[in-house]
Amino acid sequence: MAFKSGFIALIGAPNVGKSTLLNTLLGQKISIVSPRPQTTRNRILGVKHLPSAQFVFLDTPGVLEPKGPLHKAIVHTALKTLSEVNLILLLIEPFSLEASLPSILLTRLDRVQTPVFLVINKIDLIEKRKLLPLIQEAKALHPFAEILPISAKVGDGLIELESLILNYLPEGPPYFPEDMVTDLPERFLAAEMIREKVFYHTSQEVPYGVAVTIESFKERTDKPLIEIRAVIHTERESQKAILIGKEGRMLKAIGSKARHDLEVLLGKRVYLELWVRVEKNWSRDPKFLKKFGIEEPI
Ligand code: GDP
Ligand code: MG
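1. Quick notes on the site of ligand 1
So, step 1. Taken together, the neighbourhood of ligand 1 is formed by 17 residues, with N15, G17, K18, T20 and D124 sitting nearest.
So, step 2. A distance of 3.1 Å is found between an oxygen atom of ligand 1 and a backbone nitrogen or oxygen belonging to K153.
So, step 3. The protein chains hide 90% of the 580 Å² of surface that ligand 1 would expose on its own.
So, step 4. For the shell around ligand 1, the class distribution of residues is six nonpolar, seven polar and four charged.

2. Concerning the pairing of strand β5 (residues 116–120)
So, step 1. Across the five residues of β5, five count as buried, placing the element largely inside the fold.
So, step 2. Side chains V116, L118 and I120 of β5 all project onto a buried face; the interleaved residues F117 and V119 project onto the opposite face, where all are buried too.
So, step 3. Both strand β4 (residues 87–92) and β5 contribute to a ladder of five bridges, which runs parallel. In the strand pairing of β5, L91 is matched with V119.
So, step 4. The sheet contact formed by β5 and strand β6 (residues 146–149) spans four bridges and is parallel. Bridge pairing in β6 places L118 opposite I147.
So, step 5. Taking the sense of rotation as the criterion, the β-α-β connection linking β5, helix α5 (residues 131–139) and β6 turns out right-handed.

3. Points about the pattern of salt bridges
So, step 1. This model, assessed by the stated rule, comprises 13 salt bridges.
So, step 2. Taking the shortest distance from any N to any O, the salt bridge between D222 and R220 comes out at 2.9 Å.
So, step 3. On the basis of relative accessibility, which here comes to 56%, the residue D222 falls in the exposed class.
So, step 4. Overall, the relative accessible area of 30% leaves R220 in the partly exposed class.
So, step 5. Members of the salt-bridge network, linked through shared partners, are E127, R129 and K130.

4. Side note on the packing of helix α8 (residues 237–244) against helix α9 (residues 249–266)
So, step 1. With their axes 4 Å apart at the nearest point, α8 and α9 run at an angle of 65° to one another. Relative to α9, the element α8 lies roughly perpendicular. Touching I242, L243 and I244 of α8 are R249, M250, L251 and I254, all from α9.
So, step 2. For the contact of α8 with α9, a count of residues per class yields six nonpolar, no polar and one charged.

5. A short note on the nonpolar core
So, step 1. Counting residues in each nonpolar core, the largest one holds 30 residues, and the members touching the most others are L21, F57, L89, F117, L161 and I165.
So, step 2. Excluding residues that lie within four positions of it along the chain, I165 makes contacts with I8, F55, F57, L87, L89 and F117.
So, step 3. I92, I120, I126 and F176 belong to the second largest nonpolar core, which has 28 residues in total.

6. What to know about unusual backbone geometry
So, step 1. In this structure, N15 is a non-glycine residue whose phi angle is positive, near 80°.
So, step 2. Tracing the backbone through its elements, the reader meets N15 in the loop between β1 (4–12) and α1 (18–26).
So, step 3. You can call N15 partly exposed: its relative accessible area is 28%.

7. Observations regarding the confidence of the model for the chain
So, step 1. Per-residue confidence for the chain gives a mean pLDDT of 85; residues scoring 70 or more make up 88%.
So, step 2. When the elements of the chain are averaged for pLDDT, helix α2 (residues 68–81) gives the smallest value, 68, and β6 the largest, 97.

Rules used in this analysis
- Residues numbered from 1 in each chain as written.
- Chains lettered and ligands numbered in written order.
- Predicted model: local features only at pLDDT ≥ 70, side-chain atom pairs only at ≥ 80, totals over all residues.
- Heavy atoms only, no water.
- Near = heavy atom within 4 Å.
- Polar contact = N/O pair within 3.5 Å; in protein donor to acceptor, adjacent residues only side chain to side chain.
- Areas by Shrake-Rupley, 256 points an atom, 1.4 Å probe, with all protein chains shown as cover.
- Nonpolar A, V, L, I, M, F, W, Y, C, P; charged D, E, K, R; others polar.
- Buried < 20%, exposed > 50% of the residue type's maximum accessible area, 1.4 Å probe, protein only.
- Helix = DSSP H or I, 4+ residues; strand = E, 2+ residues; numbered from the N terminus.
- Pairing = 2+ DSSP bridges.
- Right-handed = clockwise from strand over helix to strand, strands pointing away.
- Salt bridge = Lys/Arg side-chain N within 4 Å of Asp/Glu carboxyl O.
- Axes fitted to C-alpha atoms, helices over the stretch in contact; angles between N-to-C directions.
- Parallel < 35°, antiparallel > 145°, perpendicular 65-115°, else oblique.
- Contact = heavy atoms within 4.5 Å.
- Core = buried A, V, L, I, M, F, W, Y, C linked by side-chain atoms within 4.5 Å.
- pLDDT = per-residue confidence, 0-100.

Here it is in structure tokens:
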């Protein structure tokens, strides 16, 4: 059998489980997950290696109606991907089609030639008998190549998903070496792990006003230890105070959770130094968006 390979975009509304699905398919956490929308800001690439195929997944930020330059840039990143891939996995939640299928996405899908799978995620949360009416309703919206229910969290339907993906990929070479799971540098992943912990520990607008940069990333040569110095940028003094917390407790909690994940990711002991800095209105400043690795809209 000839080797197959191709690019597969994961798209859908915020919070439907795109990053969770990517991590489950890869068996490794490379895309950060949180119960809140708008966690993923950049395009995350993950490679799944099979004996006779290579799946290159692109996890995109959730699509929603854009507000402000940061949102515009995020949505732009998500939509641009669609015409560049071999297959699109459109994820939705099984509760209501309206709520999880943004019209901006359907409009865009009508204009691309790429086959689209409608992937109904989180089926562990509904009764099975509710699926059929949902599938019927979905069929009327777009000529989906396949419609399949899964649970990214529990692992339901993933074998079927993988074999269907294989059917739709063209013959092609492996694009990436066998040991490569992502093209993202370790520094970026480290920054993302820290940002994920900010999402878990803070509430309301604080996590959205945060960007993380890695100021230094040093592997010690004398022992298996990586020293990381990171800065959490916030937009306001008040947010900085929340992030540091009483007697520094919040920052300590974020730091120790992040350090644990980093040690799993990097396979070494990690010494993590965290700082909080106020960078007024960074999310509206194209210069900072670039610095934080968020693509600008054209
Ligand atoms: P994204 O914004 O589309 O990337 O969504 P995430 O992957 O960050 O997931 C959003 C939330 O949904 C997280 O709390 C996940 O744990 C949860 N989630 C994702 N997939 C499933 C699933 O199959 N079942 C259930 N019950 N929860 C899920
Ligand atoms: Mg995500």
